[in-house]
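Listed below, chain by chain, are the residues.
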Amino acid sequence: MPLYHSPLYNDALAQLETAQEVMGADPNIVERLKYPKRAIQVSIPVRLDDGTVRCFEGYRVQHSMTLGPGKGGIRFHPHVDLSETTALAMLMTFKCALVGLPLGGAKGGVKVNPNDLSRQELQALTRRYAMEIGPFVGPDKDVPAPDIGTDRQAMAWFMDTYSQIHGYASHGVVTGKPISVGGSLGREAATGKGVAYCVNFAYDKMDKEITHKTTVAIHGFGKVGMPAAVDLAEQGAKIVSVSDYTCALYDEKGLNVLDIIEFVKEKHTLDQYEREGVKKITNEELLALDVDVLIPAAIDSVITKENMKTINAKLIAEGANGPLTKEAVKYLSDKGVFIIPDILCNAGGVIVSYFEWVQGLAHFFWDEEQINRTLHNILKTAFSEVVRKADHYKCDMKTAAMCAALAKLEAAMKLRGLFPG
Ligand code: NAD
């Protein structure tokens, strides 16, 4: 029986079970992967600016550490709970295995709207959370990173708190840090860049080329959506629509991506953006646009059985984690839509996080050209492997990605055995 009950967790379990059936994986291995290795719940008391104390609820879930230390982001969002955090930790296990990193899967989060807190309150929250989960994380144990609602500054506070406790500067404890405290070149754009690389690999596979006629819509114009838009626009694609939680912008002639990024840096949201030829549409309308490439890069479960029949895109690149529910994946794959699965499509972030961790441990830093080239090579190898699995098992890309990840985990788990025997 599943321990948790969020739609994301149920979908992750269903994907795992489908992969098991398709490839005939050992049920004893799959049984172990259905549950997290360890789930930590912490209370985070924070003194607010008005002098009162408020307790926030926080989590760190370590799903699997068979392949190496846990790896996964920290999310600050009002919807954070144990079930969602566990599902996201599980997806990290499969993502790291798929792209061949010596890392396990973990995720953390605090149930909070970071926009409701002052900078001082946010710092106190981040530091106390780091202190509470401190005994369970570390360069050889579990290495957090940013996710929704957290950023480079939060990682710098986390790294500093851990370093103060241990008495030395620990570069390997978190990734996504600012460059001046041991961050990596190329980390910020890595996830979006990886999405753009994957769109290119899919076009190669379909014997097509990205041209000025290739239309792209991006749902969620944040840390993933922006660099994906920049890279695809640089290749000549026409970004016809982008959105945030307030609205979507649409121009059939193509939006000026760099201008919108500058605008968001200053005004934070898209709703005030006014330019000739640019219309405001809803997020639902964006998702239904008749475009060549749709990139859902905001949150999970945006394409569901309720709206899957309205989708007109020919290729969907899952920039977010779990943006399509299992019903939507089945319906759209059967209809012939090419879906690049999340654990492959958005793996660029964890790949460059891995580079950052390695650089931190070695105290030696690489140039950006080397980072982007190695990122490209790792993603290309993983993409080819998923395509091979899809051909071999005659299954959709989502199942194929899961099969490729499960095969690697199964091999390692069998070799390491089950303690105590
Ligand atoms: P972000 O907070 O930087 O950006 C999210 C964007 O989505 C923002 O523009 C926000 O306004 C928009 N948004 C939020 N709710 C929305 C809604 N209901 N409708 C439309 N737009 C909405 O977050 P991010 O880091 O870009 O992460 C986005 C997704 O990608 C998440 O699922 C995250 O787990 C996943 N992801 C992120 C990374 C990374 O390196 N940042 C890596 C892998 C996966």
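### Thoughts on the overall build of the protein
Alright, step 1. On a plain count of helices and strands, the protein comes out with 14 helices and twelve strands.
Alright, step 2. In terms of overall size, the protein behaves like a compact globule, its C-alpha atoms giving a radius of gyration of 21 Å where 421 residues would be expected to give roughly 22 Å.
Alright, step 3. Seen through its C-alpha atoms, the protein measures out along the principal axes to roughly 55 × 55 × 40 Å.
Alright, step 4. Across the 421 residues that make up the protein, the buried fraction comes to 59%.
Alright, step 5. Taking all contacts inside the protein whose residues are at least 6 apart in sequence as the whole, residues at least 24 apart take part in 67%.
Alright, step 6. The positive charge centre, built from 46 side chains, and the negative charge centre, built from 51, are 4 Å apart in the protein.

### Notes on the pattern of salt bridges
Alright, step 1. This model, assessed by the stated rule, comprises 23 salt bridges.
Alright, step 2. The shortest N-O distance in the salt bridge between Arg 75 and Glu 84 comes to 3.7 Å. An identical accessibility class is assigned to Arg 75 and Glu 84; each is buried.
Alright, step 3. One salt bridge in this structure joins Arg 152 and Glu 188, with 3.3 Å as the shortest N-O distance. Of the two residues, Arg 152 sits in helix α5 (residues 152-166) while Glu 188 sits in helix α6 (residues 187-205), which places them 36 residues apart along the sequence.
Alright, step 4. The class for Arg 152 is partly exposed, based on a relative accessible area of 40%.
Alright, step 5. A cluster of three or more residues bridged by salt bridges with shared partners is formed by Arg 75, Glu 84, Lys 107 and Asp 147.

### Quick notes on the sheet that holds strand β4 (residues 105-111)
Alright, step 1. On the basis of which strands lie adjacent, the open sheet formed by five strands has the order β1-β2-β4-β3-β5 and mixed pairing. Lying at the two open borders of the sheet, with one neighbouring strand each, are β1 (38-47) and β5 (142-146). When strand polarity is set aside, the average angle formed by the axes of neighbouring strands in this sheet is 20°.
Alright, step 2. Pairing of strand β3 (residues 70-77) with β5 involves five bridges; the strand directions are parallel. From the neighbouring strand, Ile 74 faces β5, where its bridge partner is Pro 146.
Alright, step 3. Helix-sheet contacts for helix α3 (residues 82-98) involve β1, β2 (53-64), β3 and β4, and the interaxial angle to β4 is about 150°.

### What about the layout of surface pockets?
Alright, step 1. As a volume, the second largest pocket reaches approximately 420 Å³.
Alright, step 2. Lining of the second largest pocket is provided by 14 residues; of these, Arg 32, Lys 37, Met 65, Thr 66 and Met 413 occupy positions nearest its centre.
Alright, step 3. Breaking the lining of the second largest pocket down by element, the ones donating at least two residues are α2 (27-33), β2 and α14 (397-416).
Alright, step 4. Residues that form the lining of the second largest pocket fall into these classes: seven nonpolar, four polar and three charged.

### Focus: the packing of α6 against helix α12 (residues 348-362)
Alright, step 1. Their axes nearest at 7 Å, the elements α6 and α12 cross at an angle of 145°. Crossing angle aside, the handedness with which α6 passes α12 is right-handed. Between α6 and α12, the contacting residues are Arg 187, Ala 190 and Thr 191 on the first element and Gly 348, Gly 349, Val 352, Ser 353 and Glu 356 on the second.
Alright, step 2. When the residues that make up the contact of α6 with α12 are grouped by side-chain class, the tally is two nonpolar, four polar and two charged.

### Describing the packing of aromatic side chains
Alright, step 1. Considering all chains together, one arrives at six aromatic pairs under this definition.
Alright, step 2. Measuring from ring centre to ring centre gives 5.1 Å for Phe 263 and Tyr 273, while their planes differ by 85°; the resulting arrangement is edge-to-face. Here Phe 263, found in helix α8 (residues 257-267), pairs with Tyr 273, found in the loop between α8 and β9 (279-281); they are ten residues apart in sequence, far enough to count as distant. Residues Phe 263 and Tyr 273 agree in their burial class; the two are buried.
Alright, step 3. Both rings, one in Tyr 354 and one in Trp 357, keep their centres 6.2 Å apart while their planes meet at 40°; by these two values the pair is tilted. With Tyr 354 and Trp 357 both in helix α12 and three residues apart, this pair spans about one turn of that helix.

### Observations concerning the domain arrangement of the protein
Alright, step 1. According to the domain assignment, the protein consists of domain 1 (7-169) and domain 2 (190-340).
Alright, step 2. For domain 1 versus domain 2, the distance between C-alpha centres works out to 27 Å.
Alright, step 3. Each partner contributes to the interface: domain 1 provides eleven residues, whereas domain 2 provides nine residues.
Alright, step 4. Where domain 1 abuts domain 2, roughly 710 Å² becomes buried across the two surfaces, and 48% of that area is made up of carbon and sulfur atoms.
Alright, step 5. When the buried surface of domain 1 facing domain 2 is broken down by residue, Leu 8, Asp 11 and Ile 148 rank first, second and third, together holding 46% of it.
Alright, step 6. Counting across the domain 1 and domain 2 interface gives zero salt bridges.
Alright, step 7. Elements with a minimum of two residues in the side of domain 1 that touches domain 2: α1 (7-23) and α3.
Alright, step 8. The greatest single-element share of the side of domain 1 that touches domain 2, amounting to four residues, is contributed by α3.

### Focus on α5
Given 3.6 residues per turn, any residue in an α-helix points the same way as the ones three and four places further on.
Alright, step 1. Its 15 residues give α5 an end-to-end C-alpha distance of 21 Å, which sits within 8% of 21 Å, the value for a rise of 1.5 Å per residue.
Alright, step 2. Those residues of α5 that fall on the buried side of the exposure criterion are Ala 154, Met 155, Ala 156, Trp 157, Phe 158, Met 159, Thr 161, Tyr 162 and Ser 163.
Alright, step 3. Residues of α5 that are buried sit in contact with β3, α4 (119-133) and β5.
Alright, step 4. Of the residues trailing α5, Gly 167 is marked for its positive phi of about 85°.

The rules we used
Residues numbered from 1 in each chain as written. Predicted model: local features only at pLDDT ≥ 70, side-chain atom pairs only at ≥ 80, totals over all residues. Heavy atoms only, no water. Helix = DSSP H or I, 4+ residues; strand = E, 2+ residues; numbered from the N terminus. Rg over C-alpha atoms; globule rule 2.2 N^0.38 Å. Buried < 20%, exposed > 50% of the residue type's maximum accessible area, 1.4 Å probe, protein only. Contact = heavy atoms within 4.5 Å. Lys, Arg positive; Asp, Glu negative; His and termini not counted. Charge placed at Lys NZ, Arg CZ, Asp CG, Glu CD. Salt bridge = Lys/Arg side-chain N within 4 Å of Asp/Glu carboxyl O. Pairing = 2+ DSSP bridges. Axes fitted to C-alpha atoms, helices over the stretch in contact; angles between N-to-C directions. 1 Å grid on protein atoms, 1.4 Å probe; cavity = no way out; pocket = protein on both sides within 12 Å on 5 of 7 lines; lining within 4 Å. Points joined across faces, edges and corners; volume = space filled by probe spheres on them. Nonpolar A, V, L, I, M, F, W, Y, C, P; charged D, E, K, R; others polar. Left-handed = near helix turned anticlockwise from the far one by under 90°. Phe/Tyr/Trp six-rings, centres within 6.5 Å; stacked < 30°, edge-to-face > 60°. Domains from an automatic or database assignment. Buried area = accessible area lost by both parts, 1.4 Å probe. Expected span 1.5 Å × (residues − 1).

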